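Residues per chain are reported as follows:
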Amino acid sequence: MLYAIIGEDVPDSLEKRLSVRPAHLARLQALQNAGKLVLAGPLPAVDSNDPGSAGFTGSLIVAEFDSLQQAQQWADTDPYIAAGVYARVVVNPFKQVFPQ
């Protein structure tokens, strides 16, 4: 089943985010290599693909896991959590309707 993982950043997270981004991206690459990643990306703090120093307010990941528990465990071990980038992470089952 698919799960939506939404991480909400702490204020002024950009420096922390950039410091652990390679490790965060490596985990996403592993999901993609396993054919389980649907989409992933940051949520810009301003209406721009490149928010500059405004940074990001969080991240959205949609990926396939065997269970909600497995998705939550995966999310709980994200480098952004260990580095203090995320204030909280929510994991919900997700039903993809479009694109088909």
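Summarised in this report is the structure supplied together with it. Because the structure is predicted, anything quoted here is derived from the model rather than measured.

Concerning the overall build of the chain
Part 1 of the reasoning: A count of helices and strands for the chain gives three helices and four strands.
Part 2 of the reasoning: Computed over the C-alpha atoms, the radius of gyration of the chain is 13 Å, within 12% of the 13 Å expected from 2.2 N^0.38 for a compact globule of 100 residues.
Part 3 of the reasoning: With the principal axes as the frame, the chain shows a C-alpha extent of 35 × 30 × 25 Å.
Part 4 of the reasoning: Per-residue burial for the chain yields a buried fraction of 30% across its 100 residues.
Part 5 of the reasoning: Considering only contacts within the chain whose residues lie at least 6 apart along the sequence, 73% involve residues at least 24 apart.
Part 6 of the reasoning: Taken as a whole, the chain presents about 6200 Å² of accessible surface, with 54% of it coming from carbon and sulfur.

Digging into the nonpolar core
Part 1 of the reasoning: If you look at the biggest cluster of nonpolar residues, it comprises 11 residues: Tyr 3, Ile 5, Leu 28, Leu 31, Ile 61, Ala 63, Phe 65, Ala 71, Trp 74, Ala 75 and Val 91.
Part 2 of the reasoning: Put simply, the parts of the chain that give this core at least two residues each are strand S1 (2-9), helix H1 (14-33), strand S3 (56-64) and helix H2 (68-76).
Part 3 of the reasoning: With three residues, H2 is the largest single contributor of residues to this core.
Part 4 of the reasoning: Residues in contact with Val 91, not counting those within four places in the same chain, are Tyr 3, Ala 4, Ile 5, Leu 68, Ala 71, Gln 72 and Ala 75.

As for the packing of aromatic side chains
Part 1 of the reasoning: Tallied over the entire structure, the rule returns three aromatic pairs.
Part 2 of the reasoning: Ring geometry for Phe 65 versus Trp 74: centroids 5.7 Å apart, planes at 50°, classification tilted.
Part 3 of the reasoning: With 5.4 Å between their ring centres and 85° between their planes, Tyr 80 and Tyr 86 make a pair best called edge-to-face. There is no split in this pair, since Tyr 80 and Tyr 86 are both buried.
Part 4 of the reasoning: One aromatic cluster is present, formed by Tyr 3, Phe 65 and Trp 74 through successive ring pairs.
Part 5 of the reasoning: Its guanidinium or amino end placed over the ring of Trp 74, Arg 27 lies 4.0 Å from that ring's centre, counting from NZ or CZ.

So, H1
Part 1 of the reasoning: For H1, built from 20 residues, the straight-helix expectation of 28 Å at 1.5 Å per residue is met to within 8% by its first-to-last C-alpha distance of 27 Å.
Part 2 of the reasoning: At Val 20, H1 shows its largest kink, close to 55°, and the proline Pro 22 lies no more than four residues downstream.
Part 3 of the reasoning: Buried residues along H1 sit in contact with S1, strand S2 (37-44), S3, H2, helix H3 (79-82) and strand S4 (86-94).
Part 4 of the reasoning: After H1 finishes, the residue Gly 35 shows a positive phi value of roughly 75°.

Thoughts on the pattern of salt bridges
Part 1 of the reasoning: In the structure shown here, the tally under the stated rule is three salt bridges.
Part 2 of the reasoning: Between Asp 78 and Arg 27 there is a salt bridge, and its shortest N-O distance comes to 3.5 Å. Of this pair, Asp 78 sits in the loop between H2 and H3 while Arg 27 is found in helix H1, placing the two residues 51 residues apart along the sequence.

Definitions and limits used
- Residues numbered from 1 in each chain as written.
- Predicted model: local features only at pLDDT ≥ 70, side-chain atom pairs only at ≥ 80, totals over all residues.
- Heavy atoms only, no water.
- Helix = DSSP H or I, 4+ residues; strand = E, 2+ residues; numbered from the N terminus.
- Rg over C-alpha atoms; globule rule 2.2 N^0.38 Å.
- Buried < 20%, exposed > 50% of the residue type's maximum accessible area, 1.4 Å probe, protein only.
- Contact = heavy atoms within 4.5 Å.
- Areas by Shrake-Rupley, 256 points an atom, 1.4 Å probe, with all protein chains shown as cover.
- Core = buried A, V, L, I, M, F, W, Y, C linked by side-chain atoms within 4.5 Å.
- Phe/Tyr/Trp six-rings, centres within 6.5 Å; stacked < 30°, edge-to-face > 60°.
- Lys NZ or Arg CZ within 6 Å of the ring centre and 35° of its normal.
- Expected span 1.5 Å × (residues − 1).
- Bend = angle between axes of the 7 residues up to and from the residue.
- Salt bridge = Lys/Arg side-chain N within 4 Å of Asp/Glu carboxyl O.

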